Amino acid sequence: MRRLGTMRYSSVELLAALILLFLATPFVEDMQQGPRIEAGLFTLVMISAGLAVGGRRKILAIAGLLLVPTLIAQWSHHLFPELVSPVSHLVMGILFMGFVLTHLLRFILRGSQVNAEVLCAGISVYLLIGLLWTLAYMLTGHLSNDAFTFVNDPDKERTMTSFNAFYFSFTTLSTVGFGDITPVSKVARTLTIMEAITGMFYVAILISRLVSMYAPAAAAAESEPDSEP
C-alpha cells in the first residue's frame, strides 16, 4: 500500500482504529464523559484515515484541508453545544469520508496482489461506508425530527444520536434491518436505500476483485515447479 498509493501510514493502523471505535462505542456513550471519549475515538479514526491516504503531498494537503475544519467544528460542538451547531462538522465529515473512501477504493482496484494491506483496506472501506452513512443519518435526524420513527422502549432516547445512527447504519449496510428504527421522510428513505445497495454491490465487487488478483498469482505459483528441468 505504501508503494502503490505512496501511503506512509498503513491501512492496518486505520483498521485497528476503526475496531477500537466499534468496540468502545456501545459502552462509552452512557458514561458521564462518554460523548467526549467517543469524539476522541472518532478523531483518531479520522486522523488515521487521512494519514492512510496521504502519502502524496498533494493528497495529504487536501485531506488536511478537509480534516482540520471538521475536527475544529466537532470539538467546538462538544465543548460548546449550545453555541455551535453539529451541522457544520457533520457536513464536513461526510465530505472527508467521501474523499478517503475514493482513494482507498482506488488503491484496492489498482492492487496487483492480495496482501494484508489490500485486505485491511477492503475491510476499512466497508466500515467507513457505514460511518459515512452514520453521519448522514445524524445530519438528517438533526435537520428533521420526524425523519425517523422508533418503536423501542418509550423510556429510551428516540433521536438519531451517534449510537442510534451508528446502529441503524450498519444494520442497513448489512441488509439485516431489525425494524426498530424506521425511516419516514423521503430523504431518510432514499439514504437507506442507497446504503443497502452500496453495501451489497461493494461486497460483490470486492470479492470479485480479490479473486481476480489472487487467481493469476496462484496460477503462477503452481506453474513454477513445472518449469524446472
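Residues numbered from 1 in each chain as written. Predicted model: local features only at pLDDT ≥ 70, side-chain atom pairs only at ≥ 80, totals over all residues. Heavy atoms only, no water.

> When you look at the packing of aromatic side chains in this model, what are you seeing that I'm missing?
For any pair of aromatic rings, the description consists of the separation of the ring centres together with the inter-plane angle of the planes. Overall, the coordinates contain nine aromatic pairs when judged by the stated rule. Ring centres 5.1 Å apart and planes at 55° place the aromatic pair Phe-166 and Phe-170 in the tilted group. Of the two residues, Phe-166 and Phe-170 are both situated in helix H6 (residues 162-173); the distance of four residues between them amounts to about one turn of the helix. One aromatic cluster is present, built from ring pairs that chain together Phe-22, Phe-163, Phe-166 and Phe-170. (Phe/Tyr/Trp six-rings, centres within 6.5 Å; stacked < 30°, edge-to-face > 60°. Helix = DSSP H or I, 4+ residues; strand = E, 2+ residues; numbered from the N terminus.)

> How should I be thinking about the packing of helix H1 (residues 11-28) against helix H2 (residues 34-53) in this particular structure?
Packed helix pairs are specified by the crossing angle of their axes together with the interaxial distance, meaning the distance between the axes. At their nearest, the axes of H1 and H2 sit 9 Å apart, and the two run at 165° to each other. In terms of their interaxial angle, H1 and H2 are classed as roughly antiparallel. Relative to H2, H1 is oriented so that their crossing is left-handed. For the pair H1 and H2, the contacting residues are Leu-14, Ala-17, Leu-18, Leu-20, Leu-21, Ala-24, Thr-25 and Val-28 in the first and Gly-34, Pro-35, Ile-37, Glu-38, Leu-41, Phe-42, Leu-44, Val-45, Ser-48, Ala-49 and Ala-52 in the second. Its residues placed into classes, the contact of H1 with H2 shows 15 nonpolar, three polar and one charged. (Axes fitted to C-alpha atoms, helices over the stretch in contact; angles between N-to-C directions. Parallel < 35°, antiparallel > 145°, perpendicular 65-115°, else oblique. Left-handed = near helix turned anticlockwise from the far one by under 90°. Contact = heavy atoms within 4.5 Å. Nonpolar A, V, L, I, M, F, W, Y, C, P; charged D, E, K, R; others polar.)

> So what exactly am I meant to see when it comes to the confidence of the model for the protein chain here?
In this model, the protein chain carries an average pLDDT of 84, and 86% of its residues clear a pLDDT of 70 or more. Taken element by element, the predicted model of the protein chain shows its lowest mean pLDDT in helix H7 (residues 186-223) (81) and its highest in helix H5 (residues 116-143) (93). Segment residues 1-7: pLDDT under 50, and 26 contacts once partners within four positions in sequence are set aside and those in other chains are kept. (pLDDT = per-residue confidence, 0-100.)

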